[in-house]
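Structural overview for review
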Amino acid sequence: MTQMARVKNNKTEKQAKVSRVLTFSCVDGPGNRLVLFLQGCNFDCITCHNPHTINHCNHCGGCVSGCPSGALFLTKGKVVWDLAACTNCDQCIDICAHKSSPKITTMTVSEILTLVKHNAFFLSGITVSGGEATMQLPFIIDLFQAIKSDQQLAHLTCFIDSNGSLPIQGWERVLPYLDGAMIDLKSWQSETHQWLVGRGNHRVFKAINYLAEKGKLHEVRLLHIPNKSDLEDEIEQVGCYLKVLPSDVGIRLNAFQHHGVIGEALDWPTCTEQQMQSFHDKLYTIVQRPIQTPGVYT
């Protein structure tokens, strides 16, 4: 975990490595939200559709010569990105063998607050995503605390979109400023989870249970990968587990697609609408509560 600090007005201010900012989103939590995608992830998912957010740039320079707009150059062994010259063709991301991006912005809490205030009239809240957002937890805590302490912004809800890997001690630290979390449940068996993402899932279940107990679990998300993940094979156990979650916790099903995916998963068949509907119907029979399915399959 890398944390940086900037001295501003005689105070040490947290910074975050930001991959992307969406000033408007209606799919990353309730209402209209500003979304911060933070760089860095402790999972290495075979099916990741944003693999360029996994690692931090190692400044190998492999992306520099191929940049068609000359927006990348090497200075003192570091890859430097010229935002003004960039056309966002994403060729640098496409050719990066390190699952990273040179187009990362370092932003302070104050800079994010300024951006939030500029868009606050249209927002219901802010969501911090990734990568894995909680790898930069001190920044998130300071940001959420600042939002809750600002009279202009205190009405905004603060959400985290997470893979669930954060230990309970971490969730305890952010809980006073957290309104909700969306957690991915990628498989039922730890062995399958290890194969899909490179780690077991015991922390994921602990996070879901803890957040549900504290009334902070907004949604559980399940990625359906037909004939690869074990969620359908273990549907009885999955359904019984989801059934006892609080009634206000949403359940969302995502369909595996090839968009953004690299490596072996590109050879896997995608999840069709018919396969998703079958999975939904089996799960609904057990859970007996609304389950959201994708609106688009691409």
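In short, a report on the structure. (Residues numbered from 1 in each chain as written. Predicted model: local features only at pLDDT ≥ 70, side-chain atom pairs only at ≥ 80, totals over all residues. Heavy atoms only, no water.)

1. Considerations on helix H3 (residues 137–149)
Its 13 residues give H3 an end-to-end C-alpha distance of 18 Å, which sits within 8% of 18 Å, the value for a rise of 1.5 Å per residue. Listing the buried residues of H3 in full gives Leu137, Pro138, Phe139, Ile140, Ile141, Leu143, Phe144 and Ile147. (Helix = DSSP H or I, 4+ residues; strand = E, 2+ residues; numbered from the N terminus. Expected span 1.5 Å × (residues − 1). Buried < 20%, exposed > 50% of the residue type's maximum accessible area, 1.4 Å probe, protein only.)

2. Description of the side chain of Ser165
Considering the arrangement of structural elements, one finds Ser165 in the loop between strand S8 (157–162) and helix H4 (168–174). Within the structure, Ser165 has its side chain in polar contact with the side chain of Asn42 (distance 2.9 Å). Looking at Ser165, its side chain comes within polar contact range of the side chain of Asn163, at 2.7 Å. Those residues in contact with Ser165 that lie beyond four places of it in its chain are Asn42, Phe43, Glu132 and Arg203. (Polar contact = N/O pair within 3.5 Å; in protein donor to acceptor, adjacent residues only side chain to side chain. Contact = heavy atoms within 4.5 Å.)

3. Topic: the packing of aromatic side chains
The tally for this structure, following the rule as stated, stands at six aromatic pairs. Ring geometry for Trp188 against Tyr241: centres 5.8 Å apart, planes inclined by 70°, an arrangement best described as edge-to-face. Here the residue Trp188 occupies a position in the loop between strand S9 (180–185) and helix H5 (190–197), and Tyr241 occupies one in helix H7 (residues 235–243), the gap between them amounting to 53 residues. With respect to burial, Trp188 and Tyr241 carry one shared label: buried. (Phe/Tyr/Trp six-rings, centres within 6.5 Å; stacked < 30°, edge-to-face > 60°.)

4. A word on unusual backbone geometry
Apart from glycine, the bulk of residues carry a negative phi angle, and the bulk of peptide bonds sit in the trans form. Of the consecutive residues Gly130 and Gly131, the connecting peptide bond is found in the cis state with omega at 15°. Non-glycine residue His59 carries a positive phi angle of around 55°. Inspection of the secondary structure puts His59 in the loop between strand S3 (33–38) and strand S4 (72–75). Judged by its relative accessible area of 26%, His59 falls in the partly exposed class.

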